[in-house]
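# Topology and contacts: notes
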Amino acid sequence: MTADHSHAPASDAHEPHAPPHQEVHFPTWKTYRWVALILFVLTVAEVWIYYTPMKGTRLFAPALITLSVIKFTIVVMFYMHLKYDAKIFRGLFLGPLSIAIIVIISLLFLFGHLSLHAT
Amino acid sequence: MATAVAEHHAEHHYTSTGLPHTKIAIWAFIGSECFFFASLISTYLIYKGRSVVGPFPHTPWTDPSTGHVYHPILNIPVTSTSTFVLLMSSLAMVLAHAAVERSDHKWSRIWLLTTAALGATFLGFQAFEFTSFVHEGLKITTNLFGSTFFITTGFHGAHVTAGVLWLITMYFIDKKRGLGPRDAVNVDVMALYWHFVDVVWVAIFTFLYLLQ
Amino acid sequence: MATTVAAPSVTGKAHKYESGIWSWLATTDHKRIGQLYMYTAIAWFVIGGIEALFIRSQLYGPNGRLVSADTYNQLFTMHGTTMIFMAIMPLSAAFFNLLIPLQIGARDVAFPRLNAFSYWVFLAGSVFMNVSWLIHAAPDGGWFAYAPLNTRQFNPGVNMDFWVIGLQILGLSSLAAGFNFVTTIINMRAPGMHFMRMPVFTWAAFVTQFLIILAFPIITVAVTFLLFDRFFGTNFYEIAAGADPLLWQHLFWLFGHPEVYILILPAFGLVSEVLPTFSRKPLFGYPVMVYSLILIAFLGFGVWAHHMFAVGMGPVADSIFSVTTMLIAIPTGVKIFNWLGTMWGGNLSFKTPMLFGIGLVGLFTIGGISGVMHSSPPSDLMQTDSYFIVAHFHYVLFGGSMMGLFAGVYYYFPKMTGRMMSEPLGKWHFWLTFIGMNLAFFPMHFAGLNGMPRRIWSYDANQGWDFDNHLSTYGAFIIAFATAIFLYNFLRSRGHGALAGNNPWDAPTIEWSMPSPPPDYNYAKIPTVTSRYPMWPQQGPTPLSPPVPTAGGDQPLPTYQTAEQLGIHMPTPTIKPLLATMGLTLAFVGLIWHRQIPIILLGGAIFIVSLYAWVLTPLEPEH
Ligand SMILES: [Cu+2]
């Protein structure tokens, strides 16, 4: 229900919460093609990192996690068109997702897999 | 298209947000699934490196009683390929959705079937992976790595299987009566599920396969 | 007032509700499903209560030998599991079903057949778990079934198999209902029913659904691990394989603490409806009530490890969870003060629902305060696993949840059945429950602080626990007697109570604008809502309370026009959700019963076929 795309039907004009017509402009083939290409390149990059000397360094994990976060975000924003769709879906997805991520991080702390002091 | 769907919808059922019920429900479901997979992935990470016997994911292991040397279990090139297959299936899925929106029956069927086929290919890779792991000495009962690995990827595979069945069902509905703009919401809901299963794999691939 | 909502026509051709067993098996009507939930939950409440009476009789004096230690383990495990998953949660679900569509001005829930499925799955799961009594192998690992005691090695019988599978089935029911109600509340509000005009019960239900859909996946995973450990030899809780027993505790309480709020928030919501009506004042601080609900839910995911201070998580983790636990007491305290503010200066009338409502405010506060006492790790170490904890959570769950749910039953019984429950019997029920509950649970504080451990089967004399246990047992039997009065009142009033009329309490929210019981289509015309309390005047003083109906017990209920006469399309009744449930249950039966693969496959096949038949059939007849 993005405000820019919604308009109240004339018959209910006095009612501020009348249902807006759903006019979501999904991305086009051109966007999808780019998204697919970027995802492909990022996957190649991930695997490439795995086979380079970077594997032994402290950058290895952060680099991989960053790449997968980017991939995750791109799929959610474009293929799942969260970027274009009604705002309520962002709430329904990002709320639980962020709590879930906090829970994962807390659990890793509690089991001693993460530490406040770098080792 | 979306306008047409909303109007068709509004004829019978007023909704407060103007959005279809199924779409709200699938996003709520996806939010819930975040917790499902978060629990699985955190368990994998918590138990990482705690197996008392091999084989291990990234390092070789010599069985002290037999002297048998087990190779590192994970086969990154194979899984990278299957990861790529699943990513491409998401592309096919959005194209199927676009074709349904414009009532292009020929292409909607082609893309629905392509998506299902790519999903099935992914499952084939997984079946190959599982059997070869078992062959190399890693079963679900072998050690903590085996238990957490097979459960996490297995549940993901079950989600893919459900998605493939859903796609095939949708394909047959398309063949029977032709999917048009009024079905676009249903295909969209299926697509959201499918893409979510895909992003879960993005996380699994990184955390289970690549990170050490 | 009633001008804002169109009441359905009561004239016209007489139409009686369809009755007969088939109409119940195939129903998709949220009100009927709500009633099914209510009857079933009350039945399990009685059974869980009988288990409690055995426990209390066993503990009446030192060296009790009424039941064996083995049976005792089964009794306390099933008492907890039954009360939490089969009594309080489904009783809350009964109100979700009965009230949410009525309160938001809808004809039904978003997915009526899924709603029926939720109920049948709940029924199947609860029966499944209790069948274990018939072979004297009920679950016996405590309601939180700590690892590794729940594993095959330490618990080789089928007892915990019933628990594992039963809980899995029950979780499925709650999840399905959760998605349904989230969608219903977001998407089926009548015109003008903004989020900040929703009745507070619907708000509480909304927040609870989010807790359910986010917390239940965690227990599903934890229990799946256990299921695989027990049935397929995996290593999730296998210490010898390097597993950490704390994994179960963390996953369980990650679910378990939100579960506590899943149990209490619906009761909070009901009381937030009852107190304004009987104080003749709008709820004090409505927005703050809503925000505190949301805050409680959010913080509810950040306190789980306060159940685990005794395992030694270290000072950093202990401090963090101690602080978050103290923090969550703030929004909870805000609610208490808002209820007091609602009653303050009000024109109070002490009808039965009001008594139970006030009972919640007082008794929950006691449980809440003893709860904050556990938030400090040093004092928790003294209290944990003692009867002090048992006292605490019974004040919260009986003094809180059950009191609130009883308030809801008395308050909404007229809407549900069209008849009033007896006021004198209700007052007897309340006062006996109030006395019995304090007699039963308050002495447990002392027994616990004097060192009496929780879950103990029998104890020696001369430990200073005898008197406290005497009192607790007397209290338990007084509660049982009170519950018998309630049952009589509940069952008899369905056919013989005074006719209620649309709004016997002169309550403010829109569900009271429609006839009691409501027609299957609810509102003949979907109402347009213009305020939070459409049934009360928007200007001027709130009306004084009218006399509550006491006559008409011998007269029939009013009749309405049918949906067809009004041209309203209602869902076609269908048996398919029930068939799907049977398939699913059969598969689980096959798993527990010597792992019969053919039975598992047959059950799975029935499930999938029913699911396809259900999904591919339109909800309503084609038109
Ligand atoms: Cu807690």
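The structure contained in this document is the topic of the report that follows.

## So, the coordination of the copper ion
Angles at a metal have ideal values that depend on geometry: 109.5 degrees with four tetrahedral donors, 90 or 180 degrees with six octahedral donors. Residue and element names in this part refer to chain C. Around the copper ion, the donor atoms from the protein are H257 (ND1), H306 (NE2) and H307 (NE2), and they sit 1.7 to 2.0 Å away. Along the chain, the residues that donate to the copper ion are spaced as H-x48-H-H. Taken together, the residues H257 in helix α7 (residues 246-279) and H307 in the loop between α8 (286-299) and α9 (315-343) connect sequence positions 50 residues apart. A relative accessible area of 26% means that H307 is categorised as partly exposed.

## A short note on the packing of aromatic side chains
Residue and element names in this part refer to chain C. Tallied over the entire structure, the rule returns 87 aromatic pairs over all chains. When the ring of Y237 is compared with that of W248, the centres are 5.5 Å apart and the planes differ by 85°; the resulting orientation is edge-to-face. Pair noted here: Y237 is in the loop between α6 (200-232) and α7 and W248 is in helix α7, with a separation of 11 residues, a long-range link. Comparing Y237 with W248, the two get one shared label, buried. Relative to Y410, the ring of F356 has its centre 5.5 Å away and its plane inclined at 15°; by these criteria the two rings are stacked. Of this pair, F356 sits in helix α10 (residues 352-374) while Y410 sits in helix α12 (residues 387-417); the two residues are 54 residues apart in sequence, bridging distant segments of the chain. Of the two residues, F356 and Y410, neither departs from the other in class, the shared state being buried. Taking NZ or CZ as reference, R32 lies 4.6 Å from the ring centre of W24, over its face.

## Re the interface of chain B and chain A
Accessible area lost upon the coming together of the parts is a frequently used measure of interface size. Taken together, the contacts link 51 residues of chain B with 48 residues of chain A. Roughly 4400 Å² is buried in total at the junction of chain B and chain A, and carbon and sulfur atoms are behind 78% of that figure. Across the contact surface, chain B and chain A share 1 salt bridge. We note a salt bridge from D85 of chain A to K23 of chain B, for which the minimum N-O separation is 2.6 Å. The set of elements that each furnish at least two residues to the side of chain B that touches chain A consists of α1 (2-12), α2 (21-46), α3 (76-101) and α6 (184-210) of chain B.

Criteria and thresholds
Residues numbered from 1 in each chain as written. Chains lettered and ligands numbered in written order. Predicted model: local features only at pLDDT ≥ 70, side-chain atom pairs only at ≥ 80, totals over all residues. Heavy atoms only, no water. Donors = N, O, S within 2.8 Å, 3.2 Å for Na, K, Ca; no water. Helix = DSSP H or I, 4+ residues; strand = E, 2+ residues; numbered from the N terminus. Buried < 20%, exposed > 50% of the residue type's maximum accessible area, 1.4 Å probe, protein only. Phe/Tyr/Trp six-rings, centres within 6.5 Å; stacked < 30°, edge-to-face > 60°. Lys NZ or Arg CZ within 6 Å of the ring centre and 35° of its normal. Contact = heavy atoms within 4.5 Å. Buried area = accessible area lost by both parts, 1.4 Å probe. Salt bridge = Lys/Arg side-chain N within 4 Å of Asp/Glu carboxyl O.

Nothing here speaks to function; it is geometry throughout.
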